[in-house]
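Here is how the chains run, residue by residue.
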Amino acid sequence: MTRQDDTAHVHPPLRSREPFRALAMSVERASTVVFDNLEAFQNRTERLYDGFSYGLYGTPTSRQLEDHIAALEGGSRALVVPSGMAAITLVTMATCKGGDRVLVPETLYAPARDMASRFLGPLGIDAVAYDPRLDADLAGLIDKRTRLVWVESPGSATFEVQDVPVIVAAAHEAGALVAADNTWASHLLFRPLDHGVDISMQALSKHVGGHGDLLMGSVAVRDDALFRRLKDTARFLGYGVSPEDCALCERG
Ligand SMILES: *Cc1c(COP(=O)(O)O)cnc(C)c1O
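The notes below deal with the structure included here. (Residues numbered from 1 in each chain as written. Predicted model: local features only at pLDDT ≥ 70, side-chain atom pairs only at ≥ 80, totals over all residues. Heavy atoms only, no water.)

Moving on, we come to the state of the cysteines. Taken as a whole, this structure holds 0 disulfides when the rule is applied. Of all cysteine sulfurs, the one in cysteine 246 lies closest to cysteine 249, which takes part in no disulfide; the gap is 7.0 Å. Here cysteine 249 falls in the buried class, since its relative accessible area comes to 2%. (Disulfide = S-S within 2.5 Å. Buried < 20%, exposed > 50% of the residue type's maximum accessible area, 1.4 Å probe, protein only.)

This is how it looks when you write it as structure tokens:
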């Protein structure tokens, strides 16, 4: 059957992808993706976490970078988001709600501290700054409302190294999660998930991007339910990443 000329404008002939495999990450761009049939389209939400349903929720390029970050951080799953700040806000929003308390070290990346005091407060989330040298004594600040404890080791600007396993034990004892901003050490020098931390976040804009020409952030976890919570929150916030930036990040 021959196609009408008009139809041919929007349907390029399909070509098999085999057997081309580039060593470098290939860039696949998409907002809309194509489904094999109506049923696959109607069931597209099943593909939110692993498959592909819409460019905003993941492309082969972003998923490949996520798998790589997960492996480097020693996690089972990772998520890439538009910036390091986006990752910090995402982790906090996915784990805390009005009435909860979040603890942040005084050495937390300054714009994130600003976010904690000026953005979380009006949402009813009580952000409490703590001395990064408290270590075991941090237990005294963790109350029943505390949902999340941030650590950053070494911490921004003054590089205090925290006793992360001791902080994790105190937080878990009280039922709180622990998130690490692992940008300074990066996965090369410290893997927070190996030390009981629940969420390891990095500003990929720094070491991983490597060339000062892209903005991206990552979160890595070992718990699938937590991954889904983070993924859902990223979806509700409308976080998407550019596949070109993912390939640049992989190159970095
Ligand atoms: C740069 C940085 C961030 C934020 O990353 P952006 O991608 O610039 O938003 C977060 N934490 C630390 C420790 C950083 O150095």
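Attention now goes to the environment of valine 178. For valine 178, the location among the structural elements is in strand β5 (residues 177-181). A C-alpha to C-alpha distance of 5.3 Å links valine 178 and valine 197, two positions 19 residues apart in sequence. (Helix = DSSP H or I, 4+ residues; strand = E, 2+ residues; numbered from the N terminus.)

With that settled, the discussion passes to helix α8 (residues 224-237). A rise of 1.5 Å per residue sets the reference length of α8, with its 14 residues, at 20 Å; its end C-alpha atoms lie 20 Å apart and thus fit the reference within 8%. Among the residues making up α8, those that are buried are Leu226, Phe227, Leu230, Lys231, Asp232, Thr233 and Ala234. Against the buried residues of α8 lie α3 (60-73), β1 (77-81), α4 (84-95), β5, β6 (199-203) and β7 (217-221). Where α8 begins, the side chain of aspartate 223 points an oxygen toward the backbone nitrogen of alanine 225, at a separation of 3.1 Å. Two residues or fewer past α8, glycine 238 is found with a positive phi of approximately 75°. (Expected span 1.5 Å × (residues − 1). Contact = heavy atoms within 4.5 Å. Polar contact = N/O pair within 3.5 Å; in protein donor to acceptor, adjacent residues only side chain to side chain.)

What follows covers helix α5 (residues 110-120). Buried within α5 are the following residues: Ala112, Met115, Ala116 and Leu120. Down the axis of α5, the buried side of the element spans an arc of 100°, and every buried residue falls inside it. Exposed side chains of α5 directed beyond 90 degrees from the buried face belong to Ser117 and Arg118. On its buried face, α5 sits against α4, β2 (101-105) and β3 (126-130). (Arc of directions from axis to C-beta.)

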